[in-house]
Amino acid sequence: MRIVGYSKEYTDQMLAIQSSYEKDHPYAERFTADDLKNPLLNGRGNILLAINERRVLGFSRFLSRQNFSRVHFHHIWLDINVADSPATNLMSLLFEASLPLISESTNSFFPAAGTRICVRIAESEKTKRDFFSSLGFSRWKDFNYMERDLKDEVISYPLPEGLSMSRLRPRKEPEIINYLRAEQSCFPDSPLEYKYLHYFFNRPYWKKEGVILAALDAKSSIAGSVMIYPDRLNNEYCFTEEIFVVEKWRGKRLARALVSNALDYLRKAGKRKALLSVTSDRLAAKRIYEDAGFTTTYSKEVLSVEI
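Remember, predicted model here, so these are calculated numbers, not experimental data.

Our focus in this paragraph is the side chain of K273. Among the structural elements, K273 can be located in strand 11 (residues 273-279). Here K273 falls in the buried class, since its relative accessible area comes to 18%. At 2.8 Å, the side chain of K273 forms a polar contact with the side chain of E147.

As structure tokens, this is what we get:
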């Protein structure tokens, strides 16, 4: 058995392992052939395969999320799957082989407070939870996945005076950068990167129906926004994600207005459910979503370790 870098000839076997794992753990992290194009995988250089006589036994993959502040961490989102679970020895080999790649992937990053390796674990993934806990990973926070039935009435909230609602579909570099400036100012602990957003805006489900509802001020600067796009498994379900309000406009109920506008937009489009995720440390945001009719359907815990 040997650990090697990703090779296209093994893609089908790798995805078969992933598909089998998802059948046993429906809320586990998804991974499809389309996700291989994600630039945060570093041209698929962040994927390792465990091979025995041309048979894939398991694989590891990680997304490198750079930060741009010295007071926040870079985040490495790691996942490891093996064909014959539980095979913790093989998981250990894949983890150890991933560590040098993880260090290398952050060498050119902006200086930050450090690097944190993270794994998202669904409730059913006991073996994976126990494995990472044995390596020193500890619980950091939870991701709460929420949904809202769109047949229910939407309570409207007006935009603060001085703002107007606009629909954005950034395509060119200046448009994407303008959006990123606002987004990164609101999420300094986990900012999006240009290369990822450019990739995201070229994905089929975004190009078909994706839109950003943005509240703009008199100078057309973004005061807040919500990103809307369909679930790739069910077009009648749509995500309402990346909801943010820049500091100047906070405390004016703009977030509530953004959420109500998004729900109204989806109802008029004939969609059935709105989806979003929020981390357990964003308590104010979660209250706003609950007030808007969202309920938590399941959660994943995030285990992490600093390196």
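Don't stop here, the text continues.
Before going further, it helps to spend a moment on the side chain of S304. Here S304 lies in strand 12 (residues 295-306). Once you skip the residues sitting within four places of it in the chain, S304 turns out to touch R116, I117, C118, G136, F137, S138 and W140.

What follows covers the environment of S138. Among the structural elements, S138 can be located in strand 6 (residues 138-149). A relative accessible area of 43% means that S138 is categorised as partly exposed. The spacing of S138 and C118 is 20 residues in sequence and 9.5 Å in space, taken between C-alpha atoms. Ignoring anything within four residues of it in the chain, the contact list for S138 reads V302, L303 and S304.

Formed by 52 residues in total, the largest nonpolar core has its most connected members in M227, L254, Y289 and F294. What M227 contacts, discounting residues up to four positions off in sequence, is Y179, L197, F200, F201, W206, V211, I212, F239, T240, E241 and E242. Core analysis: the next-biggest nonpolar cluster, separate from the first, contains 21 residues, L48, F62, L78 and L90 among them.

Among all residues save glycine, negative phi is the norm, and among peptide bonds the norm is trans. Its identity as a non-glycine residue notwithstanding, E242 has a phi of 50°, on the positive side. Within the secondary structure, E242 is located in strand 10 (residues 237-245). The residue R253 is not glycine, and still its phi comes out positive at about 65°. By secondary structure assignment, the location of R253 is in the loop between strand 10 and helix 7 (254-268). A relative accessible area of 51% places R253 in the exposed class.

Rules and cut-offs
- Residues numbered from 1 in each chain as written.
- Predicted model: local features only at pLDDT ≥ 70, side-chain atom pairs only at ≥ 80, totals over all residues.
- Heavy atoms only, no water.
- Helix = DSSP H or I, 4+ residues; strand = E, 2+ residues; numbered from the N terminus.
- Buried < 20%, exposed > 50% of the residue type's maximum accessible area, 1.4 Å probe, protein only.
- Polar contact = N/O pair within 3.5 Å; in protein donor to acceptor, adjacent residues only side chain to side chain.
- Contact = heavy atoms within 4.5 Å.
- Core = buried A, V, L, I, M, F, W, Y, C linked by side-chain atoms within 4.5 Å.

These figures come from the coordinates and say nothing about function on their own.
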